[in-house]
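Spelled out from the first residue to the last, the chains are:
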Amino acid sequence: MTSDELLLPSIGFGTYKLRGEAGRAAVTSAIETGYRLIDSAYNYENEGTVGAGIRDALAAGTVDRDEIIYTSKLPGRYQHREDALATVEESVWRSGIGPVDLYLIHWPNPGQGLYVEAWKALIEARDRGLVRHIGVCNFLPEHLETLERETGELPVVNQIELHPEFPQTDALAWNTDHGIITESWSPLNRGEVLEAAPVAAAAAAHDVTPGQVILAWHRSRGAVAIPKASSQARQQENLESLQLDLTDAEIAAITALGRPDGRRKDQDPAVYEEF
Ligand SMILES: NC(=O)c1ccc[n+]([C@@H]2O[C@H](COP(=O)([O-])OP(=O)(O)OC[C@H]3O[C@@H](n4cnc5c(N)ncnc54)[C@H](OP(=O)(O)O)[C@@H]3O)[C@@H](O)[C@H]2O)c1
């Protein structure tokens, strides 16, 4: 998927809850399996784990540093300029792999009223060479319009909750129309949508797994899914979704699973805040 300045693989690797030696090994194995886009966050408390896993893959010669797109995120509690810049520096030191390739504001927290200040701080961090590209998570069009109006710059990525029960058709179209790449978080709805009838039907028709069907659905709609998987077998299974093309009818049937209240935990960014 592309924006004007960034080319992302069609699938990435989520790392929420991957920590310690097991997490480090899972990250190294994901890179060996073929993932190049690796998602982390300051608040996952695993930037050290993920950085160690990436360094292991670099030391083994599996990849070059410039092939990896390492992502981290700014927590809501650090949206003031000086806190934000110190947090980005901390992220760089924790991961230990040089500048962060993609740094995202984790939540807009509109009640706090600081996301424009945080965005200006990320622009400054990029200008100082601490991060290469900057984006956001969980921003609604109204928040994105505010960023553009106040700073003249839109994010390259908007990472949002997106899965068959909450397909985000309008948000996805808005992002695409504005040159913003959409990444889907909890793309498998943490496994809770795997048994839905249209998913099972497509899996049977193509002789693939339900997880592969859902990941192919994301790709077909132009969103970059970032599934988390602990085992190399599942990492491989998820990556092999790249070989699967669903029919238009299958895509439509899976999209029709969507419900207005389909969010996992009612985390509407218009009101929900995370620190
Ligand atoms: N920006 C944000 O606000 C935000 C919020 C949430 C998440 N995220 C990011 O998005 C990433 C992905 O979301 P997520 O971890 O919440 O959920 P997810 O990727 O939808 O689901 C992960 C769960 O599904 C299982 N799984 C993976 N592949 C599978 C397959 N092929 N078949 C069956 N089960 C499978 C995993 O199990 P095992 O691990 O046991 O294999 C894990 O329990 C996170 O890790 C994080 O990086 C961002």
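Worth saying up front: this structure is predicted, and the values here are computed from it rather than measured.

Draft legend 1. Molecular detail of the site of the ligand. Around the ligand, 26 residues are found, and the nearest of them are Asp39, Arg190, Lys228, Ser230 and Asn238. With respect to the ligand, the side chain of Trp185 contributes an N or O atom lying 3.5 Å from an oxygen atom. Contact between the ligand and Ser186: an oxygen atom at 2.8 Å from a side-chain N or O atom of the residue. When each cavity is represented as a set of grid points, the ligand is found to reside in the largest pocket. A per-element tally of the shell around the ligand places helix H9 (residues 232-239) first, with 3 residues. By residue class, the composition of the shell around the ligand is 11 nonpolar, 9 polar and 6 charged.

Draft legend 2. Local environment of the packing of aromatic side chains. This model, assessed by the stated rule, comprises 6 aromatic pairs. When the centroid spacing of 5.3 Å and the interplanar angle of 75 degrees are considered together, the rings of Tyr115 and Phe139 count as edge-to-face. Here Tyr115, found in helix H4 (residues 115-127), pairs with Phe139, found in the loop between strand E4 (131-137) and helix H5 (141-151); they are 24 residues apart in sequence, far enough to count as distant. Both residues of the pair, Tyr115 and Phe139, belong to the buried class. Pairwise contacts between aromatic rings join Trp107, Trp185 and Tyr272 into one cluster. Over the aromatic face of Tyr42 sits the side chain of Arg94, whose NZ or CZ is 4.2 Å from the ring centroid.

Draft legend 3. Here's a closer look at the pattern of salt bridges. Taken as a whole and assessed by the stated rule, the structure comprises 18 salt bridges. For the salt bridge of Arg24 with Glu21, the shortest nitrogen-to-oxygen distance reads 3.4 Å. Taken together, the positions of Arg24 and Glu21, both in helix H1 (residues 20-33) and 3 residues apart, correspond to about one turn of that helix. Here Arg24 falls in the partly exposed class, since its relative accessible area comes to 27%. In this structure Glu21 comes out as exposed when scored by relative accessible area, which is 57%. Arg81 is the salt-bridge partner of Glu82, the closest N and O atoms lying 3.8 Å from each other. Put simply, Glu21, Arg24 and Asp56 are held in one network by salt bridges that share partners.

Draft legend 4. Representation of the UniProt feature "active site" (unreviewed entry) in the protein in the model. In the numbering used here, UniProt assigns the feature "active site" (unreviewed entry) to Tyr44. Residue placement: Tyr44 occurs in the loop between strand E1 (37-39) and helix H2 (47-59).

Draft legend 5. Region of the structure containing the UniProt feature "binding site: substrate" (unreviewed entry) in the protein. Residues given the UniProt feature "binding site: substrate" (unreviewed entry) here are His106. Apart from the residues within four sequence positions on either side, His106 is in contact with Ala41, Tyr44, Lys73, Leu74, Pro75, Cys137, Asn138 and Glu274.

Draft legend 6. Expanded view of H1. The terminal C-alpha atoms of H1 lie 20 Å apart, and with 14 residues this matches the ideal 20 Å at 1.5 Å per residue to within 8%. Among the residues of H1, Gly23, Ala26, Val27, Thr28, Ser29, Ala30, Ile31 and Thr33 are the ones counted as buried. In this fold, the buried residues of H1 make contact with E1, H2 and H9. Once H1 finishes, Gly34 follows within two positions and takes phi at roughly 130 degrees, a positive value.

Draft legend 7. Summary view of the pairing of strand E2 (residues 69-74). Along E2, 6 of the 6 residues are buried, which leaves the element largely enclosed by surrounding structure. Of the two faces of E2, the one carrying Ile69, Thr71 and Lys73 and the one carrying Tyr70, Ser72 and Leu74 are both buried. Two elements, E1 and E2, share 3 bridges in a ladder whose sense is parallel. Each bridged residue has a counterpart across the sheet, and for Leu37 the counterpart in E2 is Ile69. Regarding topology, H2 serves as the crossover connection from E1 to the parallel E2, and that connection is right-handed. Where E2 and strand E3 (residues 100-105) come together, 4 bridges link them in parallel fashion.

Calculation rules
- Residues numbered from 1 in each chain as written.
- Predicted model: local features only at pLDDT ≥ 70, side-chain atom pairs only at ≥ 80, totals over all residues.
- Heavy atoms only, no water.
- Near = heavy atom within 4 Å.
- Polar contact = N/O pair within 3.5 Å; in protein donor to acceptor, adjacent residues only side chain to side chain.
- 1 Å grid on protein atoms, 1.4 Å probe; cavity = no way out; pocket = protein on both sides within 12 Å on 5 of 7 lines; lining within 4 Å.
- Sits in = over half its atoms within 2 Å of the grid points.
- Helix = DSSP H or I, 4+ residues; strand = E, 2+ residues; numbered from the N terminus.
- Nonpolar A, V, L, I, M, F, W, Y, C, P; charged D, E, K, R; others polar.
- Phe/Tyr/Trp six-rings, centres within 6.5 Å; stacked < 30°, edge-to-face > 60°.
- Buried < 20%, exposed > 50% of the residue type's maximum accessible area, 1.4 Å probe, protein only.
- Lys NZ or Arg CZ within 6 Å of the ring centre and 35° of its normal.
- Salt bridge = Lys/Arg side-chain N within 4 Å of Asp/Glu carboxyl O.
- UniProt positions renumbered as here; feature names shortened; annotations may be inferred.
- Contact = heavy atoms within 4.5 Å.
- Expected span 1.5 Å × (residues − 1).
- Pairing = 2+ DSSP bridges.
- Right-handed = clockwise from strand over helix to strand, strands pointing away.

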